[in-house]
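Now for the letters of each chain:
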Amino acid sequence: MSRFLKERLQGFVSYTPGEQPRDKQYVKLNTNESPYPPAPGVLKALEEADYKDLRLYPDPTGKALKEAVAGLYDIEPEQVFLSNGSDDILNFSFMAFVEDGEEIVFPDITYSFYETIADLHAVSYRRIPLTEDFRIRVSDYTGIGANIVLPNPNAPTGIALSAEEIERIVSTNPDHLVLIDEAYVDFGGESVIPLIKKYDNLLVSQTFSKSRCFAGGRLGFAAAQKPLIDDLLKIQYGTNPYNVNRITQLAALETIREDAYYKEMADRIRKTRASVTEELRKMDFEVLPSEANFILMRHDRIGGQEIYEKLKENGVLVRHFSTERIKDHNRVTIGSDEQMEIFLEKLGQIVREA
Ligand SMILES: Cc1ncc(COP(=O)(O)O)c(C=O)c1O
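To start, this report covers the structure provided alongside it. (Residues numbered from 1 in each chain as written. Predicted model: local features only at pLDDT ≥ 70, side-chain atom pairs only at ≥ 80, totals over all residues. Heavy atoms only, no water.)

### Digging into unusual backbone geometry
Moving on, step 1. Cis peptide bonds are those with omega within 30 degrees of zero, and the linkage from Asn152 to Pro153 qualifies with -5°.
Moving on, step 2. Within the secondary structure, Pro153 sits in the loop between β5 (147-151) and α5 (163-171).
Moving on, step 3. Each neighbour pair has its own omega, and for Ala155 with Pro156 the value is 10°, a cis peptide bond.
Moving on, step 4. With a phi close to 65°, Phe134 is a non-glycine residue in the positive phi region. (Helix = DSSP H or I, 4+ residues; strand = E, 2+ residues; numbered from the N terminus.)

### What to know about the pattern of salt bridges
Moving on, step 1. Applying the stated criterion across every chain, the model contains 24 salt bridges.
Moving on, step 2. Between Asp300 and Arg298 there is a salt bridge whose closest N-O contact spans 3.6 Å.
Moving on, step 3. Overall, Asp300 belongs to the exposed group, its relative accessible area being 62%.
Moving on, step 4. Overall, the relative accessible area of 23% leaves Arg298 in the partly exposed class.
Moving on, step 5. The structure contains a network of salt bridges with shared partners spanning Glu286, Arg298 and Asp300. (Salt bridge = Lys/Arg side-chain N within 4 Å of Asp/Glu carboxyl O. Buried < 20%, exposed > 50% of the residue type's maximum accessible area, 1.4 Å probe, protein only.)

### A look at the packing of helix α9 (residues 304-313) against helix α10 (residues 337-353)
Moving on, step 1. Across the interface, α9 lies against α10 with an axial gap of 10 Å and an inter-helix angle of 120°. One finds that α9 runs oblique with respect to α10. The two elements α9 and α10 meet at a crossing, and its hand is right-handed. Each of Ile307, Lys310 and Leu311 in α9 lies in contact with α10, whose residues at this interface are Phe343, Lys346, Leu347 and Ile350.
Moving on, step 2. Residue composition of the contact of α9 with α10, grouped by class: five nonpolar, no polar and two charged. (Axes fitted to C-alpha atoms, helices over the stretch in contact; angles between N-to-C directions. Parallel < 35°, antiparallel > 145°, perpendicular 65-115°, else oblique. Left-handed = near helix turned anticlockwise from the far one by under 90°. Contact = heavy atoms within 4.5 Å. Nonpolar A, V, L, I, M, F, W, Y, C, P; charged D, E, K, R; others polar.)

### Some points on the sheet that holds β5
Moving on, step 1. Spatially, β2-β8-β7-β6-β5-β3-β4 is the arrangement adopted by the seven strands of the open sheet, whose pairing is mixed. At either end of the open sheet lies a strand with only one pairing partner, and these are β2 (80-83) and β4 (124-128). For this sheet, the mean angle separating the axes of adjacent strands, direction not counted, is 20°.
Moving on, step 2. Pairing analysis gives four bridges linking strand β7 (residues 202-207) to strand β8 (residues 220-223), with the strands arranged antiparallel. Along β8, the bridge assignment pairs Gln206 with Phe221.
Moving on, step 3. Helix α4 (residues 113-120) contacts β3 (103-107), β4, β5 and β6 (178-181) of the sheet and is inclined by roughly 160° relative to β4. (Pairing = 2+ DSSP bridges.)

### Quick look at the site of the ligand
Moving on, step 1. Around the ligand, the neighbouring residues are Gly85, Ser86, Asp87, Tyr111, Asp181, Ala183, Tyr184, Thr207, Ser209, Lys210 and Arg218.
Moving on, step 2. Interatomic distance of 2.8 Å between a side-chain N/O atom of Arg218 and an oxygen atom of the ligand.
Moving on, step 3. Summarising the interface, the protein chains cover 92% of the accessible area of the ligand, which totals 400 Å² for the free molecule.
Moving on, step 4. Among the residues forming the shell around the ligand, the class breakdown is three nonpolar, four polar and four charged. (Near = heavy atom within 4 Å. Polar contact = N/O pair within 3.5 Å; in protein donor to acceptor, adjacent residues only side chain to side chain. Areas by Shrake-Rupley, 256 points an atom, 1.4 Å probe, with all protein chains shown as cover.)

### Here's the deal with the environment of Val192
Moving on, step 1. One can find Val192 in the loop between β6 and β7.
Moving on, step 2. Taking C-alpha positions, Val192 is 8.9 Å from Glu164, a pair spaced 28 residues apart along the chain.
Moving on, step 3. Apart from residues lying up to four places away in sequence, Val192 is in contact with Ala163, Ile166, Ile180, Glu182, Leu202 and Val204.

### Concerning the environment of Ala252
Moving on, step 1. Tracing the backbone shows Ala252 in helix α7 (residues 246-257).
Moving on, step 2. For Ala252, a relative accessible area of 0% puts it in the buried group.
Moving on, step 3. Sequence spacing of Ala252 and Pro58 is 194 residues, and the spatial spacing of their C-alpha atoms is 13 Å.
Moving on, step 4. If sequence neighbours within four positions are ignored, Ala252 has contacts with Leu65, Phe208, Phe214 and Leu219.

Structure, rendered in structure tokens:
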């Protein structure tokens, strides 16, 4: 820390991204990336791109891309906001929408970035405990008169709420923002984007990082009624007007044209998730019912930290959290069938030797 850091930020604990070690080749199942490449049309568009254009700024409005996203979800382009990854949407929302003296609520076990950005912007927050079996209790969020952020499916549990349950939360908190983070919705959840037509307090964020195999391209988008989108634009133009670069805009446009490919890849992930879950249960792992591209698992006899370390020694990276309630769990990204075979083989050895 330098002596110039603001006093308020001196105790700020920043987000720790999943490790990206370079010391050897790992089977990397720790950051929920897709094991599959972008669609052939996306790769072709990148090969044929005129890189001389990089001297020019990108379209700050992202017009073509917004129209494509709107077309895909049957909403208006003015109801779409584009961002440099969906973390930007979370960041801008915490900056923009929670009044001083108000609070935002989210589950105790959830995407830890919510807490980080709340701390960064000095926003008050309250964590609502998940039930014993790691579910969000809908009644904890209905009519509570507070801003709410929920990932659906939740991370790192992978458990999803139905669109009807989300609607109950949105409709009973009409004077507060409800932000639904649908980073993993394409792997089995139900998007509530159609509900933005009905509710002016609903903001839905999605990302191209997971089901659209584009984590390195950094694209997120939000859907909401125009006034909320205009608020986000105000913040974005006040921080980084050219937040989605030229290459990303070009590739993302192709990504939308190749929607069928991405649906097929998500299907593959779902199938692999089902077979891996079955194998893990045979090894006496408790696996939460996931609708995401990861699973959260726990073994009765072996601690989470120990499994994480032994897998890493064997060249397999998973995500371990030190949070008390889930410290005996590990979150495992669903990779390709080949990757998951290696994971199951190494894990099998660890279990037998324990
Ligand atoms: C629940 C959730 N929301 C949002 C994100 C942010 O993704 P990105 O910034 O890559 O769009 C992640 C990333 O892992 C996530 O797990």
